[in-house]
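Structure assessment
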Amino acid sequence: MSKPLIRVSLAVALVALVGGACRHSAPEAPPQPRAQPGVVEILKGGRWLFTYVEPAGTFATTDKPETIPENARALVRVFDPADMAKTDAPGQVY
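Residues numbered from 1 in each chain as written. Predicted model: local features only at pLDDT ≥ 70, side-chain atom pairs only at ≥ 80, totals over all residues. Heavy atoms only, no water.

**Things to note about the overall build of the protein**
- Along the backbone of the protein there are one helix and three strands.
- When its helices and strands are written in sequence order, the protein yields α-β-β-β.
- The buried share among the 94 residues of the protein stands at 11%.
- A separation threshold of at least 6 residues defines the contact pool for the protein, and within that pool the share at least 24 residues apart is 30%.
- Accessible surface for the protein amounts to roughly 8400 Å². Of this, 62% is attributable to carbon and sulfur atoms. (Helix = DSSP H or I, 4+ residues; strand = E, 2+ residues; numbered from the N terminus. Buried < 20%, exposed > 50% of the residue type's maximum accessible area, 1.4 Å probe, protein only. Contact = heavy atoms within 4.5 Å. Areas by Shrake-Rupley, 256 points an atom, 1.4 Å probe, with all protein chains shown as cover.)

**Quick notes on the pattern of salt bridges**
- Scanning all chains against the criterion turns up two salt bridges.
- Lysine 64 is the partner of aspartate 63 in a salt bridge, and the nearest nitrogen-oxygen pair spans 3.3 Å.
- Relative accessible area serves as the criterion here: at 32%, aspartate 63 is assigned to the partly exposed category.
- Where glutamate 70 meets arginine 73, a salt bridge forms, and the shortest distance between an N and an O atom there is 3.1 Å.
- For glutamate 70, a relative accessible area of 62% corresponds to the exposed category. (Salt bridge = Lys/Arg side-chain N within 4 Å of Asp/Glu carboxyl O.)

**Some details on the side chain of threonine 51**
- Structurally, the position occupied by threonine 51 is in strand 1 (residues 49–53).
- Residue class for threonine 51 comes out buried when judged on its relative accessible area of 16%.
- A distance of 3.1 Å separates a polar atom in the side chain of threonine 51 from a polar atom in the side chain of threonine 61.
- Excluding residues that lie within four positions of it along the chain, threonine 51 makes contacts with Phe59, Ala60, Thr61, Leu75, Val76 and Arg77. (Polar contact = N/O pair within 3.5 Å; in protein donor to acceptor, adjacent residues only side chain to side chain.)

**A short note on the nonpolar core**
- If you look at the biggest cluster of nonpolar residues, it comprises six residues: Trp48, Phe50, Tyr52, Ala60, Ile68 and Ala72.
- Those residues in contact with tyrosine 52, other than ones at most four positions away along the chain, are Thr58, Phe59, Ala60, Thr62, Thr67, Ile68, Pro69, Ala72, Leu75 and Val76. (Core = buried A, V, L, I, M, F, W, Y, C linked by side-chain atoms within 4.5 Å.)

**Focus: the sheet that holds strand 3 (residues 76–79)**
- The sheet built from three strands is open, its strands ordered 2-1-3 with antiparallel pairing. The sheet is open, and its two borders are formed by strand 2 (59–62) and strand 3, each paired with just one other strand. Neighbour to neighbour, the strand axes of the sheet diverge by 20° on average, direction disregarded. (Pairing = 2+ DSSP bridges. Axes fitted to C-alpha atoms, helices over the stretch in contact; angles between N-to-C directions.)

**Section: the side chain of threonine 62**
- On the secondary structure map, threonine 62 appears in strand 2.
- In this structure the side chain of threonine 62 is engaged in a polar contact, spanning 3.1 Å, whose partner is the backbone nitrogen of lysine 64.
- Not counting residues up to four positions away in its chain, the partners in contact with threonine 62 are Trp48, Leu49, Phe50, Tyr52, Thr67 and Ile68.

Honestly, it's all geometry; don't read function into it.
Dropping the structure here:
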């Protein structure tokens, strides 16, 4: 083998060795604090609509909060049909 080819091979091996030693693993992300859900005043009289996820993975909407299954109450979208200004804004979910 020629000397330039050996030098190039050694240089490539050295760069690979040094480059591999400089890698650092990403630090673990801190646990996300669990935020307390906001207080929602439930108005009787069917003025609000409640959307939740059923066990099958489909969405269901009702106007009676007591019909929402217990295991689905952690994540419910509350919609006020009387205040359409809040729902017409693109990109905003209430």
